[in-house]
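A look at the structure
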Protein chains: 2
Amino acid sequence: MSVKPWRDVIRHLQWSDADAPTALALMTQWEAVADLQLNDTVNGVLAAVRSEGDVALVRFTEQFDRHRNALEIPAGEWAAARARIAPELEAALVAAGERVREYHQHQSAADWSYTDALGNSLGQRIRPLDRVGVYVPGGKAAYPSSVLMNVMPAKVAGVSEIIMVVPTPDGVVNDAVLAAADIAGVDRVFGIGGAQAVAALAFGTESVPAVDKIVGPGNAYVAAAKRAVFGRVGIDMIAGPSEILVVCDDSSNPEWVAMDLFSQAEHDEMAQSILVSLSPRMTTAVLDAMSRLLPSLERREIVEVSLRERAVIVDVASTEQACELINQVAPEHLELCVDDSTALMAGIRHAGAIFLGHRAPESLGDYCAGPNHVLPTSGTARFASPLGVYDFVKRSSVMQISAEGSQVLGQIASVLGRAEGLTAHARAAEMRLAHD
Amino acid sequence: MSVKPWRDVIRHLQWSDADAPTALALMTQWEAVADLQLNDTVNGVLAAVRSEGDVALVRFTEQFDRHRNALEIPAGEWAAARARIAPELEAALVAAGERVREYHQHQSAADWSYTDALGNSLGQRIRPLDRVGVYVPGGKAAYPSSVLMNVMPAKVAGVSEIIMVVPTPDGVVNDAVLAAADIAGVDRVFGIGGAQAVAALAFGTESVPAVDKIVGPGNAYVAAAKRAVFGRVGIDMIAGPSEILVVCDDSSNPEWVAMDLFSQAEHDEMAQSILVSLSPRMTTAVLDAMSRLLPSLERREIVEVSLRERAVIVDVASTEQACELINQVAPEHLELCVDDSTALMAGIRHAGAIFLGHRAPESLGDYCAGPNHVLPTSGTARFASPLGVYDFVKRSSVMQISAEGSQVLGQIASVLGRAEGLTAHARAAEMRLAHD
């Protein structure tokens, strides 16, 4: 068994070098390549499901997933699956679900209103969405934790009906995924996937009710289908590959840091692990730990490709440099594996989730700390947020205008309406003026 | 001058008829037609600006807007424009801006955190975006009120730099728009528009800095460009035609209702006005008022097309029926022109903005009541919200794990990681377990 000298394989930058920021930007950028043929395929699937409904849904499921099972998986099967999984796993899913629920309850927002000096009442109402679709990938990347993370915020928001779709290739259901659906409290489950499942959720079929928003990760076909139906229904972010950025210094435990980098790299070959080191000595120690631990990894082959293709180590000379680098990358996961992690956090503007100190590996956040593991990837933490309760509610402005208000505001609206050439706007305001 | 008998022209439904819901759904549905040729044009513009920068931006501006002025419009010109507009208009813009700012200050959200039973600290940080682009349409639909409505929430959120783009066809700037930019407090203005302006904001050029999010309305080219760059930057909703739904009963003022319907119809031929009547007598009175008032409208030709093509009147037998109808339509603007508007509102789940009572015409909300006039159109109020401060901030999850927490959570993460086959995840948690 060859032990790779990882120091010779992983790209290594010094942040003080003038070209380091540009080099890192090139390494971390990721863009979904617009695949025209894939888009054609997806558009064909969307149009067919829209016009033919269940007939097309069954046909595509047979074609892509190789089965003709009933579209809906009844609740009895979720309960049966829950009974079949290991009691230890069932307990872990229940405990994780409760912690995720508790965290997300802090995200609930209340209606508000105020009365201004003119006696007008102005405010905002917040209401849950009526019906939401949660896409859960099938096959080898079928993760029960994803069910909890996508469903719980919708439950806390008060969404009336949660429809889960999960492909069942060759008709095989994943017991842990169905058990998680039962624990999370979804309302209905359909054993469908791909662009055809997105189409069914967006347009509705005889069997699948149309939803107001679709969330959840999927492959390139699912992502293209979500982008295409965006506007007709809401969607969450279109996720790129997952990444972690770990900051270490002399206080870090090199084996913990190495394993945290591996835990990102084991997701898939495109996953990205970035180490930012305040200590050259610790850089060496982490590299040594990586070489030592890597042969023992079950998913070693995936990890090796990911590290070779995508990993980066950057030595920084100061916490200011570290923050500058982090704000450029806007990492999905940010571990501050240093003693004074809170002080370091103060300089950081962009990150999906921030793990403070030595005892907070990303995997606790992935599974059970409470925060959501659906996070903005590939630098989108510059403008996007973790999945949350706020993604499953919508707001309405509310205004009640007093007699005095209609006079004062009516004058302003009259001037602005006429300046914009929208005279019916102006006259609607003026009519109320004339009345008093 | 012919006075149209509008009762014979506008479509008229009885909600009690079995086929009324379907008929209304067909009349209110709207979908951006995917125009492949337009998409090709837009993709070409995006690619050219991305690779050539300013050179392409200048070329497209010359081609589409027929001028070669400097790309940036310096702040001195905004101040000059502000000095040129009528003092009454300047005062109205300042007053409207202050009211919009005050309303949006109520949308600011604070960081939060809590300590759980294990001593873990869990929370969420909220930070403004670094840099935002605001697209303002040029030409005849250049509205200074749109500048205030798009910029103010970003200002209240604390966005560091707000870049406005506005096309200046034939090199002509709109003084009121530049004055509004000055009043709202934008940081830089570029006289560019179309897909090329969206490309410049998304990718950056030598002159135009790349932004994190692009908001603001535009034509079909702008909408297609925003959809294409979504994911690289954030975008707001892609807006469809604007619509209003007015509920009337015997307490309504028929002329006010008629003018409010006109104020929507005057926007453009695709704008939609829907009247929902709890009183057949009031339906007749509103139709009579429409016939009486319509000849006096400055934008009569647009209003006539809009009413003929898109308007609908629906008689309902009860407030329950009214709510059912409203929740199906999920209107952008909802006027409850009835005495007990608050009671009626209780049954409504979906609406962009709700105007209560007789003294709240949509035009007050469009200009100066305080709430935003950028609202979810075409039924998207089912899942989308008015533009707000929440659109210009992003959140980061924060977690600090205690010694006890790392034991309890580590056990759960170990079980779930192994169940999902992600053993490096499990081992990262287990390593912290073994340590104590």
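Residues numbered from 1 in each chain as written. Chains lettered and ligands numbered in written order. Predicted model: local features only at pLDDT ≥ 70, side-chain atom pairs only at ≥ 80, totals over all residues. Heavy atoms only, no water.

Chain A appears in an unreviewed UniProt entry as Histidinol dehydrogenase from Litorivicinus lipolyticus. We quote the UniProt Catalytic activity (unreviewed entry) comment for chain A here in full: "L-histidinol + 2 NAD(+) + H2O = L-histidine + 2 NADH + 3 H(+)". As its UniProt record puts it under Function (unreviewed entry), chain A is described as follows: "Catalyzes the sequential NAD-dependent oxidations of L-histidinol to L-histidinaldehyde and then to L-histidine." (UniProt positions renumbered as here; feature names shortened; annotations may be inferred.)

1. Things to note about the domain arrangement of chain A
Residue and element names in this part refer to chain A. The assigned domain composition of chain A is domain 1 (6-30 + 240-369), domain 2 (36-235) and domain 3 (401-435). Inter-centroid distance (C-alpha atoms) of domain 2 to domain 3 is 46 Å. Contact residues are listed per partner, giving 4 residues for domain 2 and 6 residues for domain 3. Note on domain 2 versus domain 3: buried area summed over both sides is about 390 Å², and carbon and sulfur give 56% of it. If you look at where domain 2 meets domain 3, you find 0 salt bridges. Where domain 2 packs against domain 3, one counts 2 residue pairs in polar contact (both at pLDDT 80 or more). (Domains from an automatic or database assignment. Contact = heavy atoms within 4.5 Å. Buried area = accessible area lost by both parts, 1.4 Å probe. Salt bridge = Lys/Arg side-chain N within 4 Å of Asp/Glu carboxyl O. Polar contact = N/O pair within 3.5 Å; in protein donor to acceptor, adjacent residues only side chain to side chain.)

2. Remarks on the relation of the copies chain A and chain B
Overlaying chain A on chain B yields an RMSD of 0.0 Å, the required transformation being a rotation through 180° with an accompanying axial translation of 0.0 Å. A rotation of that kind, with that shift, is consistent with a two-fold axis. For chain A, the smallest separation between a C-alpha atom and the rotation axis is recorded for A:R227, amounting to 4.1 Å. By residue overlap, the copies meet face to face through one surface: 99% of the interface positions of chain A are interface positions in chain B. (Least-squares fit on C-alpha atoms with pLDDT ≥ 70 in both.)

3. Quick look at the pairing of strand 3 (residues 112-115) of chain A
Residues and elements named next belong to chain A. Residues W112 and Y114 point to one face of strand 3 and are all buried, whereas S113 and T115, pointing to the other face, are not buried. Relative to strand 4 (residues 121-128), strand 3 runs antiparallel, the two sharing 4 bridges. Each residue of the ladder has a partner; that of W112, found in strand 4, is Q124. In this antiparallel pair of consecutive strands, strand 3 and strand 4, the connection spans 5 residues, and G119 shows a positive phi of 85°. (Buried < 20%, exposed > 50% of the residue type's maximum accessible area, 1.4 Å probe, protein only. Helix = DSSP H or I, 4+ residues; strand = E, 2+ residues; numbered from the N terminus. Pairing = 2+ DSSP bridges.)

4. Structural notes on the side chain of B:S279
All names here are of chain B. The residue S279 is located in the loop between strand 11 (272-277) and helix 11 (280-293) in this model. Accessibility expressed as a relative area gives 4% for S279, which makes it buried. Not counting chain neighbours up to four residues away, the residues in contact with S279 comprise C248, D249 and D250.

5. Quick look at the environment of A:G357
All names here are of chain A. With respect to the element layout, G357 can be found in the loop between strand 14 (353-356) and helix 15 (362-367). For G357, a relative accessible area of 10% puts it in the buried group. Sequence separation of G357 and C248 is 109 residues, and the distance between their C-alpha atoms is 9.8 Å. Discounting residues that sit within four places of it in the chain, G357 has contacts with L336, C337, V338 and S341.

6. Some words on unusual backbone geometry
All names here are of chain B. Despite not being glycine, D170 has its phi angle at roughly 60°, a positive value. By the element assignment, D170 lies in the loop between strand 6 (161-165) and helix 7 (175-184). For D170, a relative accessible area of 48% puts it in the partly exposed group. The residue A330 is not glycine, and still its phi comes out positive at about 50°. Relative to the helices and strands, A330 resides in the loop between helix 13 (319-329) and strand 13 (333-337).

7. With respect to the pattern of salt bridges
Applying the stated criterion across every chain yields a total of 42 salt bridges over all chains. A salt bridge links B:R68 to B:E62; its shortest N-O distance comes to 2.6 Å. A residue is classified by how much of its surface remains accessible, and B:R68, at 59% relative accessible area, is exposed. The class for B:E62 is partly exposed, based on a relative accessible area of 36%. Taken together, the shared-partner salt bridges in this structure form one network comprising A:R82, A:E90 and A:D182.

8. Some points on the packing of helix 1 (residues 20-28) of chain A against helix 13 (residues 319-329) of chain A
Residues and elements named next belong to chain A. Where helix 1 contacts helix 13, the two axes come as close as 10 Å, and the packing angle between them is 35°. Along this stretch, helix 1 crosses helix 13, giving a crossing that reads as right-handed. Facing helix 1, whose interface residues are P21, L24, A25 and T28, helix 13 presents L325, Q328 and V329. Of the residues that constitute the contact of helix 1 with helix 13, the class distribution is 5 nonpolar, 2 polar and no charged. (Axes fitted to C-alpha atoms, helices over the stretch in contact; angles between N-to-C directions. Left-handed = near helix turned anticlockwise from the far one by under 90°. Nonpolar A, V, L, I, M, F, W, Y, C, P; charged D, E, K, R; others polar.)

9. With respect to the nonpolar core
Inside soluble globular proteins, nonpolar side chains tend to come together where they are buried. Counting residues in hydrophobic clusters, the biggest one holds 68 residues, and the most contacted among them are A:I192, A:I214, A:V229, B:I192, B:I214 and B:V229. In this structure A:I214 touches A:G133, A:V198, A:L201, A:A202, A:K226, A:V229, A:V233, A:G234, A:I235 and A:D236, once residues within four positions along its chain are discounted. (Core = buried A, V, L, I, M, F, W, Y, C linked by side-chain atoms within 4.5 Å.)

10. A word on the UniProt feature "binding site: substrate" (unreviewed entry) in chain A
Residue and element names in this part refer to chain A. In the numbering used here, UniProt assigns the feature "binding site: substrate" (unreviewed entry) to S242, Q264, H267, H333, D366, E420 and H425. Their sequence span is 184 residues, while the largest C-alpha to C-alpha distance among them is 56.0 Å; these annotated residues do not converge on one region. Following the sequence through the fold, S242 ends up in the loop between strand 9 (234-235) and strand 10 (243-248). Apart from residues no more than four positions distant in its own chain, S242 is found in contact with Q264, A271, Q272, E332, H333 and T377. Here E420 lies in the loop between helix 16 (403-419) and helix 17 (423-435). Given the relative accessible area of 9%, E420 is considered buried.

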